[in-house]
Amino acid sequence: MSLYDDAVLVLKGYEGQPELRQAYLDHLAAHPDGMWKACHAGHVTASALVIDPEQGRVLLTLHRKLRMWLQMGGHCEPGDATLREAALREAAEESGIAGLTPLPGGPVRLDRHPIPAPCHWHYDVQYAVLAPPGAVHEISDESLDLRWYAYDEVAGVADESVVRLLDAARARL
């Protein structure tokens, strides 16, 4: 099964946000290359919020280009077999944490947001992953900083999309 096929199956099985979910499916139906950065009409991305539920905190990255505190994530790559694997790969690469475990139940949220030209949209499929006890993070080249934030601190540093992702992840916990 291709990554495109996996994305369609994942989105068809996702029960939340029906209008946005349909927009994702419509985009993929209209753009067979819609999984890849080269699709200038927009492309699917995969992200993951790293959670330490025992400590009641999440790990956010200060994105090098956007200079915003965000969850880990990014573009799908040819070696990614599934969206879940892409999100897990991005989270491990950007956090430096080995042994991350995806929260069961598939994606936690969808978030479509505009991006600068030449592309137009990121169709982000958002997962949540659990950090192992005692996890030690390491800053990647894509980040200016990595920092743990208590759940109640996130709204003070991150935008509404991250707050909504945290709320959805906590509801699933």
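Residues numbered from 1 in each chain as written. Predicted model: local features only at pLDDT ≥ 70, side-chain atom pairs only at ≥ 80, totals over all residues. Heavy atoms only, no water.

## Let's talk about the pattern of salt bridges
The final tally for this structure, using the stated rule, is 7 salt bridges. One salt bridge connects Arg89 with Glu90, and the closest N-O pair in it is separated by 3.0 Å. We classify Arg89 as buried; its relative accessible area is 16%. Arg89 is the partner of Glu93 in a salt bridge, and the nearest nitrogen-oxygen pair spans 3.3 Å. Taken as a pair, Glu93 and Arg89 lie in helix H3 (residues 83-95) at a separation of 4 residues, close to a single helical turn. Judged by relative accessible area, which is 39%, Glu93 ranks as partly exposed. Overlapping salt bridges, with partners in common, bring together Glu77, Asp80, Arg89, Glu90 and Glu93 in one network. (Salt bridge = Lys/Arg side-chain N within 4 Å of Asp/Glu carboxyl O. Buried < 20%, exposed > 50% of the residue type's maximum accessible area, 1.4 Å probe, protein only. Helix = DSSP H or I, 4+ residues; strand = E, 2+ residues; numbered from the N terminus.)

## Regarding the packing of helix H1 (residues 3-13) against helix H2 (residues 18-30)
Packing of H1 against H2 leaves a shortest axis separation of 10 Å and a crossing angle of 155 degrees. What the angle tells us is that H1 and H2 run roughly antiparallel. Once H1 is placed against H2, the crossing between them reads as left-handed. Along the contact surface, H1 presents Tyr4, Ala7, Val8, Leu11 and Lys12, while H2 presents Arg21, Tyr24, Leu25, Leu28 and Ala29. (Axes fitted to C-alpha atoms, helices over the stretch in contact; angles between N-to-C directions. Parallel < 35°, antiparallel > 145°, perpendicular 65-115°, else oblique. Left-handed = near helix turned anticlockwise from the far one by under 90°. Contact = heavy atoms within 4.5 Å.)

## A word on the nonpolar core
Burial of nonpolar side chains together is a common tendency in soluble globular proteins. Met35, Val50, Leu83 and Val125 are the most contacted members of the largest nonpolar core, which has 33 residues in total. Counting only elements with at least two residues in this core, the list comes to H1, H2, strand S1 (43-52), H3, strand S7 (121-130) and strand S8 (143-150). Of all the elements, H1 adds the most residues to this core, at 5 residues. (Core = buried A, V, L, I, M, F, W, Y, C linked by side-chain atoms within 4.5 Å.)

## A look at the environment of Trp36
Position of Trp36 among the secondary structure elements: in the loop between H2 and S1. Accessibility expressed as a relative area gives 30% for Trp36, which makes it partly exposed. A C-alpha to C-alpha distance of 7.2 Å links Trp36 and His75, two positions 39 residues apart in sequence. Apart from residues lying up to four places away in sequence, Trp36 is in contact with Leu3, His43, Cys76, Glu77 and Pro78.

## Section: the packing of aromatic side chains
This structure, assessed with the given rule, holds 2 aromatic pairs. Arranged with centres 5.1 Å apart and planes meeting at 90 degrees, the rings of Tyr24 and Tyr123 form a pair that is edge-to-face. In this pair, Tyr24 is assigned in helix H2 and Tyr123 in strand S7, connecting sequence segments 99 residues apart. Considered together, Tyr24 and Tyr123 belong to a single accessibility category, that of buried residues. Ring centres 5.2 Å apart and planes at 80 degrees place the aromatic pair Trp69 and Tyr149 in the edge-to-face group. Here Trp69 is found in strand S3 (residues 69-70), whereas its partner Tyr149 is found in strand S8, with 80 residues between them in sequence. (Phe/Tyr/Trp six-rings, centres within 6.5 Å; stacked < 30°, edge-to-face > 60°.)

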